[in-house]
Amino acid sequence: MAETEVSAETPDWSRERPRRFWDPSRRLLLSLRRYQACGDGLLGRLGRKRWALSHRFWSAVTSVELPLNTRIGGGLLLPHATGIVVHPATVLGPNCLLMQNVTLGNNYGRPGTPRLGGHVDVGPGAVILGPVEIGDHALIGANAVVLKDVPPRAVVAGAPARGI
C-alpha cells in the first residue's frame, strides 16, 4: 500500500481540530486561530480579549511560547507540546510538525528569523536560529542545531546540522 505524501502547499486543517476536550496543543492552536480571525470594532476587540485569555491558559498548560501574531500555515501539528519556543517573526508553512523542546528564533549577530517551508518535520530538541530557509518536506533531526539554509527534501542532523 502506497503512503500518501502530506502536501507542502494545501493546509490540512483536520490536523489542528481538537479531538476531545483535553487536547492542549490543538486547543492552543484553536485559540491562536480564533484570535487572528477576530475583526475590528467592539465585538472584534472583545473576541480578541477572550481568545487571548484562552491562549494564555493553554500556553501555560503546554509550556509553549507561540505568540498570537505568528504567521503559521494551516495544519500545524504539535504532538508533544512542551517547551516549544517560536519567535514572533518566524514564518511556518502549511502542515509542519514541531516536536517537544523545539526553538525557532533569532541568532545574536545575524538579524532575522527562520522561515519553514511546507511539511517540515522538526525533531525533539532541535534549534533553528537566524535568517535560515528550510525547504519543503525537509526533516530536521533530534537535537540538531540549524544555522544555515536547508534545501527541500533534505534530512539534516547534528550540531551544527549537516545533511545525512
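Everything below is about the structure shown above.
What counts as what
Residues numbered from 1 in each chain as written. Predicted model: local features only at pLDDT ≥ 70, side-chain atom pairs only at ≥ 80, totals over all residues. Heavy atoms only, no water. Core = buried A, V, L, I, M, F, W, Y, C linked by side-chain atoms within 4.5 Å. Buried < 20%, exposed > 50% of the residue type's maximum accessible area, 1.4 Å probe, protein only. Helix = DSSP H or I, 4+ residues; strand = E, 2+ residues; numbered from the N terminus. Contact = heavy atoms within 4.5 Å. Salt bridge = Lys/Arg side-chain N within 4 Å of Asp/Glu carboxyl O. Patch = residues over 30% accessible without salt bridge, like charges linked within 9 Å, V, L, I, M, F, W, Y side chains within 5 Å. Areas by Shrake-Rupley, 256 points an atom, 1.4 Å probe, with all protein chains shown as cover. Polar contact = N/O pair within 3.5 Å; in protein donor to acceptor, adjacent residues only side chain to side chain. Pairing = 2+ DSSP bridges. Phe/Tyr/Trp six-rings, centres within 6.5 Å; stacked < 30°, edge-to-face > 60°. Lys NZ or Arg CZ within 6 Å of the ring centre and 35° of its normal.

Draft legend 1. Representation of the nonpolar core in the model. In this structure, Leu 98, Leu 116, Val 122, Ile 134 and Ile 140 are the most contacted members of the largest nonpolar core, which totals 31 residues. With three residues, helix α1 (residues 24-37) is the single largest residue contributor to this core. Non-local contacts of Ile 140, meaning those with residues more than four positions away in its chain, are made with Val 120, Asp 121, Val 122, Gly 123, Ala 126, Ile 128, Ile 134, Val 146, Val 150 and Val 156.

Draft legend 2. Just the pattern of salt bridges, in detail. Counted under the stated rule, the structure contains four salt bridges. Put simply, Asp 23 and Arg 26 hold a salt bridge, and the shortest N to O gap is 3.4 Å. Both residues of the pair, Asp 23 and Arg 26, count as buried. The partner of Arg 115 in a salt bridge is Glu 133, with the nearest N and O atoms 3.6 Å apart. In this pair, Arg 115 sits in strand β6 (residues 115-116) while Glu 133 sits in strand β9 (residues 133-134), placing the two residues 18 residues apart along the sequence. Residue Arg 115 is classed as partly exposed on the basis of its relative accessible area, which comes to 38%.

Draft legend 3. Quick look at a nonpolar patch on the surface. On the surface, Phe 21, Trp 22, Phe 57 and Val 61 cluster together into a nonpolar patch covering about 450 Å² of accessible area. As for its position among the elements, Val 61 is in helix α2 (residues 41-62). Since its relative accessible area comes to 33%, Val 61 is described here as partly exposed.

Draft legend 4. Looking closely at the side chain of Thr 70. Residue placement: Thr 70 occurs in the loop between α2 and β1 (71-72). Side-chain polar atoms of Thr 70 contact the backbone oxygen of Pro 67, separated by 2.9 Å. Those residues in contact with Thr 70 that sit more than four places away from it in its chain are Gln 36, Val 86, His 87, Pro 88 and Thr 90.

Draft legend 5. The arrangement of the sheet that holds strand β10 (residues 139-140) in detail. Taken together, the five strands give an open sheet; going across it, the order is β4-β7-β10-β12-β13, and neighbouring strands pair in mixed fashion. What marks the edges here is a single partner per strand, and that holds for β4 (97-98) and β13 (162-163). Where β4 and strand β7 (residues 121-122) come together, two bridges link them in parallel fashion. Bridge assignment links Leu 98 to a residue of β7, and that residue is Val 122.

Draft legend 6. Local environment of the packing of aromatic side chains. All told, the structure shown has three aromatic pairs when counted by the stated rule. Aromatic pair Phe 21 and Trp 22: ring centres 6.5 Å apart, planes at 45°, arrangement tilted. Taking 4.9 Å as the distance between ring centres and 80° as the angle between the ring planes, the aromatic pair formed by Phe 57 and Trp 58 counts as edge-to-face. Relative accessible area serves as the criterion here: at 44%, Phe 57 is assigned to the partly exposed category. Three or more aromatic residues joined by ring pairs make a cluster, and in this case those are Phe 21, Trp 22, Phe 57 and Trp 58. Across from the ring centre of Trp 51, 3.8 Å away, lies the NZ or CZ of Arg 50, which sits over that ring.

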